[in-house]
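Listed here are the chains, written in short residue letters.
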Amino acid sequence: MRTLRLHVLALGVAFLASSGVAHAGSVKLAWDASQDPAVFGYRLYWGTQSGQYTSSLDVRTATSVTVPNLTDGTAYYFIVRAYNSLNTESAPSIEVSRRIGIAQAVAGDFTGDFLSDVGIFRPSTGNWFVAGMTSAPVWGGAGDVPVAGDYDGDAKMDIGVFRRTTGKWYLVQSRTGTALEYTWGGGTDRPVQGDYDGDGRTDVAVFRAATGKWYVIQSGTGTGREYTWGGGTDIPVPADYDGDGKTDVAVFRPSNGTWYVTKSNTGTSLNVVWGSGADTPVPSDYDGDGKTDIAVFRPVNGTWYIIYSGTGTSSTNVFGGLGDTPVPGDFDGDGRSDIAVFRPFTGTWYIAFARGGGQSFVFGGPGDVPLLKR
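Summary of the structure given here. (Residues numbered from 1 in each chain as written. Predicted model: local features only at pLDDT ≥ 70, side-chain atom pairs only at ≥ 80, totals over all residues. Heavy atoms only, no water.)

Let's shift gears to the overall build of the protein chain. Per the secondary structure count, the protein chain includes zero helices and 30 strands. Over its C-alpha atoms the protein chain spans a radius of gyration of 21 Å, differing by no more than 12% from the 21 Å that the globule rule assigns to 374 residues. Expressed along its principal axes, the backbone C-alpha trace of the protein chain runs to roughly 65 × 55 × 45 Å. Within the protein chain, the proportion of its 374 residues that are buried is 48%. (Helix = DSSP H or I, 4+ residues; strand = E, 2+ residues; numbered from the N terminus. Rg over C-alpha atoms; globule rule 2.2 N^0.38 Å. Buried < 20%, exposed > 50% of the residue type's maximum accessible area, 1.4 Å probe, protein only.)

Attention shifts here to the sheet that holds strand β19 (residues 250–253). What the four strands build is an open sheet, ordered β18-β19-β20-β21; its pairing is antiparallel. Of all the strands in the sheet, the pair left with one neighbour each is β18 (235–236) and β21 (269–273). Sheet analysis places β18 next to β19, joined by two bridges and oriented antiparallel. Residue pairing across strands places P236 opposite V251, the latter belonging to β19. (Pairing = 2+ DSSP bridges.)

Phi is positive for R60, close to 60°, though the residue is something other than glycine. Position of R60 among the secondary structure elements: in strand β4 (residues 55–60). For R60, a relative accessible area of 59% corresponds to the exposed category. Within the chain, A155 stands out as a residue other than glycine whose phi angle is a positive 65°. One can find A155 in the loop between β10 (145–146) and β11 (159–163).

Pasting the structure below:
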C-alpha cells in the first residue's frame, strides 16, 4: 500500500460556555484515497508531540474526518495509515500539524481568501499595489522596508513599513483600519516579524547582526523578549520549522551553507548544511505539512533546492535566473507553497504550481519590492 498524502482541509473552534474550562477545538483533515484494491479502511493518529501519537480513530473508508474536543491553543500532529482486511497497516502519511483555535494567515494574503496575493511596494511613491484590491494605499516611502504581516489576527495581511533611520514601525490593521506605531530597533537592524508566541498575530521584531540579538515584542502580552542566535553575516530566516504554530528563531550562514534553527516546541537546535554563499534562502512549506521546509534559490543557474520536512527527501527545480527575486507562496490554495519568481526588469511574475502547471503575468516593474520577497 502506497504512502498517503494527508492535508488539513479546514479548522474550526467551538468554545465551551463554562468559564475557567479549556476551550475545545476541532480540525478537519483529508487525504488522497488509495488506489490499492486491498485497502479496507483508514486510521488517523494524533498527539501533541511530533512523532508521538497518543490517540487514534478508525474512520473506515472515509477520506476526511473532523477531529473534535482538541485543546484550543495546543499544537497537534497527525498521520493517517491505510489498512487491509488482515489489519495490516501501510506506511504512515507525512505528518501534518496545526495549532488549534489560532487563525493562520497565508503568506501574502491581503484579501482573506487564503491564497497568496501578487503584490508590490513602490518605494518611490509609497504605494502598495495588490492584485484583487480595488485601491492602492499609500503607506511609507523611499528607504522604508515593507513588513507586511497579520498583526491583528484576522487571517489577513496588514500593510506596514519599518523605517531604519528612526527605528519606527508604521502599521495599518486590516480589521479596523487603525494605524499603529512602534519604536523598535533601527540602524542596521533587520526586521524579522513573525508569530513568536503562537497567538495568531504577527509580532514586531528585529535581528541585530552585530550582536546576534533578536528583539521581539510579543503581541500576546506586549512584553519584550530577547534571543541570542547567530550574528555577523548570518541571514535571519525565521519560520515555523517544527509545526507548532510559533515562529522559530533561525539563521542561514552563507560562509558554510548551514542553517541553524532553534525549535520552539522543544528548545532543541537543528543544524542543516544546505546551500552556499551565493544562494538566497527561500524557506516555505512546499509539501503542505504545516512545517517550513529548508530551501535555497541559486540565481546563477536559476535552481531551487528544497528539503521536504515531511519526508526528508529533496528536490531540484530549475525556475528563474539571474536578476529574479524568489517569491514563493500558495497561489492556488492547495496548502503547499508554489515556486515563483518576480522579474523586476519586466515586472513579470512566473509561478510554477506544486500541483503542476504554471502562470505568468505582469504586475509591477523596476524599483518595486514584491511583498513575498524572501
